[in-house]
Amino acid sequence: MKRVTVSESGVSVQYEVHSFGEGAPKLFFTAGVHGNEVTGIYVARKLVDYLEKHPPLRGSVTVIPTVNTAAMRCMQRRNPYDGEDLNRIFPGNDDKSVSHKLAASVWRETEGADMLVDLHCCGEHGLPYSLTLYGDYPAA
């Protein structure tokens, strides 16, 4: 596990990067872009737990379980330090606020992915997520 720190004007935010396997294809999962969408964070944590016990047989899988940790700690959609909706400012900008720097950092971290899955949550309409692991379902 790698911990990435992003700072701006005395404010620091961190996120964890969990990497498993190596080579192609490169799959990437992010969650917690919106801090109040904890279902995606839960699924990403379960995926990390699974991959710790069952690393990929080929290729690599990288997971950032909680991108916007400051917002998650406050259980709100936007970053509490600058009020930005992280999901609306990718690819970010290293010359702007902490959220823009965070977006730029995550953008760089995910660069080169063959597939990126960004886990969000059900929101007001109650749309659930489903996580299916091929090893659990031979027919897949």
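About the cut-offs
Residues numbered from 1 in each chain as written. Predicted model: local features only at pLDDT ≥ 70, side-chain atom pairs only at ≥ 80, totals over all residues. Heavy atoms only, no water. Helix = DSSP H or I, 4+ residues; strand = E, 2+ residues; numbered from the N terminus. Contact = heavy atoms within 4.5 Å. Areas by Shrake-Rupley, 256 points an atom, 1.4 Å probe, with all protein chains shown as cover. Core = buried A, V, L, I, M, F, W, Y, C linked by side-chain atoms within 4.5 Å. Buried < 20%, exposed > 50% of the residue type's maximum accessible area, 1.4 Å probe, protein only. Expected span 1.5 Å × (residues − 1). Arc of directions from axis to C-beta. Pairing = 2+ DSSP bridges. Axes fitted to C-alpha atoms, helices over the stretch in contact; angles between N-to-C directions.

When you go through the protein chain residue by residue, the secondary structure sums to three helices and five strands. Reading the helices (α) and strands (β) of the protein chain from amino to carboxyl end gives β-β-β-α-β-α-α-β. Sequence-distant contacts in the protein chain: of pairs separated by 6 or more residues, those separated by 24 or more amount to 63%. When the accessible surface of the protein chain is split by element, carbon and sulfur atoms take 50% of a total near 8,200 Å².

All right, on to the nonpolar core then. One finds Tyr15, Ile64, Leu86 and Leu102 to be the most contacted residues of the largest nonpolar core, which totals 16 residues. Mapped onto this core, the elements with two or more residues apiece are strand 1 (2–8), strand 2 (11–22) and helix 3 (98–110). For this core, the leading source of residues is helix 3, giving four residues. Setting aside its immediate chain neighbours within four residues, leucine 86 contacts Val33, Val67, Asn68, Ser99, Leu102 and Ala103. Judged by nonpolar contacts, the second largest core, of twelve residues, contains Phe29, Val43, Leu47 and Leu119.

All right, on to helix 1 (residues 38–53) then. With 16 residues, helix 1 should reach 22 Å at 1.5 Å per residue; the first-to-last C-alpha distance of 23 Å fits that figure. Where helix 1 is concerned, the buried positions are Gly40, Ile41, Val43, Ala44, Leu47, Val48 and Leu51. End-on view of helix 1: buried residues confined to an arc of 160°, all on one side of the axis. Turned more than 90 degrees away from the buried face of helix 1 sit Tyr42, Glu52 and Lys53, all of them exposed. Packed against the buried residues of helix 1 are strand 2, strand 3 (26–31), strand 4 (59–64), helix 2 (69–74) and strand 5 (115–119).

Across a sheet, paired strands are connected by hydrogen bonds in the backbone, their directions being either parallel or antiparallel. As summarised here, the arrangement of the five strands in space is 1-2-4-3-5, forming an open sheet in which the pairing is mixed. A strand with exactly one partner marks an edge of an open sheet, and here the two such strands are strand 1 and strand 5. Taken over all neighbouring pairs, the strand axes of this sheet differ in orientation by 20° on average, direction set aside. Relative to strand 5, strand 3 runs parallel, the two sharing five bridges. Directly across from phenylalanine 28, in strand 5, lies its bridge partner leucine 116.

With that settled, consider the pairing of strand 2. For strand 1 and strand 2, the ladder comprises seven bridges, and the chain directions are antiparallel. Opposite serine 7, over in strand 2, you have serine 12 as the bridge partner. A loop of two residues connects strand 1 with strand 2, the two strands running antiparallel in sequence, and serine 9 in this loop sits at a positive phi of about 50°. Across five bridges, strand 2 lies against strand 4 in antiparallel orientation. Bridge pairing in strand 4 links histidine 18 to valine 63.

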